[in-house]
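Coordinate inspection notes
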Amino acid sequence: MDIQSVLVLFGTFALLMVLGVPIAFAIGLAAFATFLLFMSFDQSVYIVAQQVASGLDSFTLLAIPFFILAGNIMNRGGIAMRLIEFAKVLGGRLPGALAHCNVLANMMFGSISGSAVASAAAVGGVMAPLQKKEGYSPAFSAAVNIASCPTGLLIPPSATFIVYSLITNGTSVAALFVAGYVPGILMGLCLMLVAGFIAKRRGYPVAERPSSREIVDKTLAALPLGLIVIVMGGIVGGVFTATEASAVAVVYTLFLAVVVYREVTWRDLPGIVLESAVTTSIVLLMIGCSIAMSKAMAFADIPYSISDILLGLSENPIVLLLIINLALLVVGTFMDMTPALLIFTPIFLPVVEDLGMDPVHFGVVMTFNLCIGICTPPVGSALFVGCSVGGVKIGEVLRPMLGFYAVLVALLLVVTYVPELSLFLPRVLLGY
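Residues numbered from 1 in each chain as written. Predicted model: local features only at pLDDT ≥ 70, side-chain atom pairs only at ≥ 80, totals over all residues. Heavy atoms only, no water.

**So, the side chain of Asn72**
Residue placement: Asn72 occurs in helix α4 (residues 63–76). Owing to a relative accessible area of 10%, Asn72 belongs among the buried residues under this scheme. Polar contacts involving the side chain of Asn72 include one to the side chain of Ser276, which spans 2.8 Å. If near-sequence neighbours (up to four positions away) are discounted, Asn72 is found in contact with Ile272, Glu275 and Ser276. (Helix = DSSP H or I, 4+ residues; strand = E, 2+ residues; numbered from the N terminus. Buried < 20%, exposed > 50% of the residue type's maximum accessible area, 1.4 Å probe, protein only. Polar contact = N/O pair within 3.5 Å; in protein donor to acceptor, adjacent residues only side chain to side chain. Contact = heavy atoms within 4.5 Å.)

The structure is reproduced here in structure tokens:
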């Protein structure tokens, strides 16, 4: 490994980040600076532009703008309140009923919207006043919301898995989607156990038993969950691909929001489409620049050199996977999920493949790990949004978060070392 290349690549990236340069440009410029070590200025400009363009020339990537659009339509369509009412039916009789409703609503809303931040804002904005009225500690309520909002990133459909598939040169999106179910649901259930334990000790109330009519009405109101059934049923049944499923998701959410719920009008659509286009352009620019950075790392032989270094430290898979998880947990504290996924997947994937780890399993582990990162200071996006909608300061919420952090890290290790949790469903449903 050329040490000079490593210093230029990561040194330039770190310097630009410190200077406040947007991360997509920081990634692209760091790749460009590295190419300058190997070729002329004109050649470096050409190869970076070529890598950005070719990296985005992928049919699979079409799923990202469609899922983003479907999520934005859901956000405007009054979906959060309906899912919360359905969550009350499911978890209302447990100690600390509203805390369980918060977790369940985040699991459902996050999987539909595909955004942890949107889930934290939409669900937390509704739940925080309700929990305060019932005597819940605002810090505890915010902690529950923050810890549970990333669960939807594991429960498909998930744009994160689509990005991972692209970086790893075509890992099956369908297999990744199906593999995320068990870890995502376990994540939510473990958070509910912690929340229930705390709620029991503090004597938080249990909701009244709903009538049969209320159960039926609130269940029928949860029509947005049909999106998950249609998308995943179609993919598993071979009716359509993940990319085609994203277009189906847009049609379904548009029908619900405009025709059924009447929360979105035709006049609202240009604004929703524009918002989705802006978000998509940010994500795709970041992906394109990261492809250029991956090429620069390949020029410097960084991924395989790091693989040799780690395998030289230990040949024990348990130790190496622990080191990788610790590294990703640290990365997650100062880098958002998408850029971390784009930068570190090409570095760590050769290592885990040498250990015999399945790429689908590693995709789930990496996503789970980075889900924890967006809940941690100093730059956790979910942490900031959760504190904002909960009306608490970051310092106040950190102590209630400790129990949730502990159970999430423990479950991360279980998911890492028990691959069947991720691979059982793809093998049964897809013959993976």
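**Some details on the packing of helix α1 (residues 3–18) against helix α15 (residues 269–299)**
Contact geometry of α1 with α15 gives a least axis separation of 10 Å together with a crossing angle of 150°. On the basis of their axis angle, the class for α1 and α15 is roughly antiparallel. Residues Leu9, Phe10 and Phe13 of α1 form the contact with α15, whose participating residues are Met293, Ala296 and Met297. A per-class count over the contact of α1 with α15 returns 6 nonpolar, no polar and no charged. (Axes fitted to C-alpha atoms, helices over the stretch in contact; angles between N-to-C directions. Parallel < 35°, antiparallel > 145°, perpendicular 65-115°, else oblique. Nonpolar A, V, L, I, M, F, W, Y, C, P; charged D, E, K, R; others polar.)

**A short note on a nonpolar patch on the surface**
On the surface, a cluster of nonpolar side chains totalling about 490 Å² of accessible area is made up of Ile318, Leu322, Leu326, Val414, Tyr417 and Val418. For the nonpolar patch, the secondary structure elements donating two or more residues are α17 (317–334) and α21 (394–417). Per element, the largest residue contribution to the nonpolar patch is 3 residues, and it comes from α17. Position of Ile318 among the secondary structure elements: in helix α17. For Ile318, a relative accessible area of 51% corresponds to the exposed category. (Patch = residues over 30% accessible without salt bridge, like charges linked within 9 Å, V, L, I, M, F, W, Y side chains within 5 Å. Areas by Shrake-Rupley, 256 points an atom, 1.4 Å probe, with all protein chains shown as cover. Salt bridge = Lys/Arg side-chain N within 4 Å of Asp/Glu carboxyl O.)

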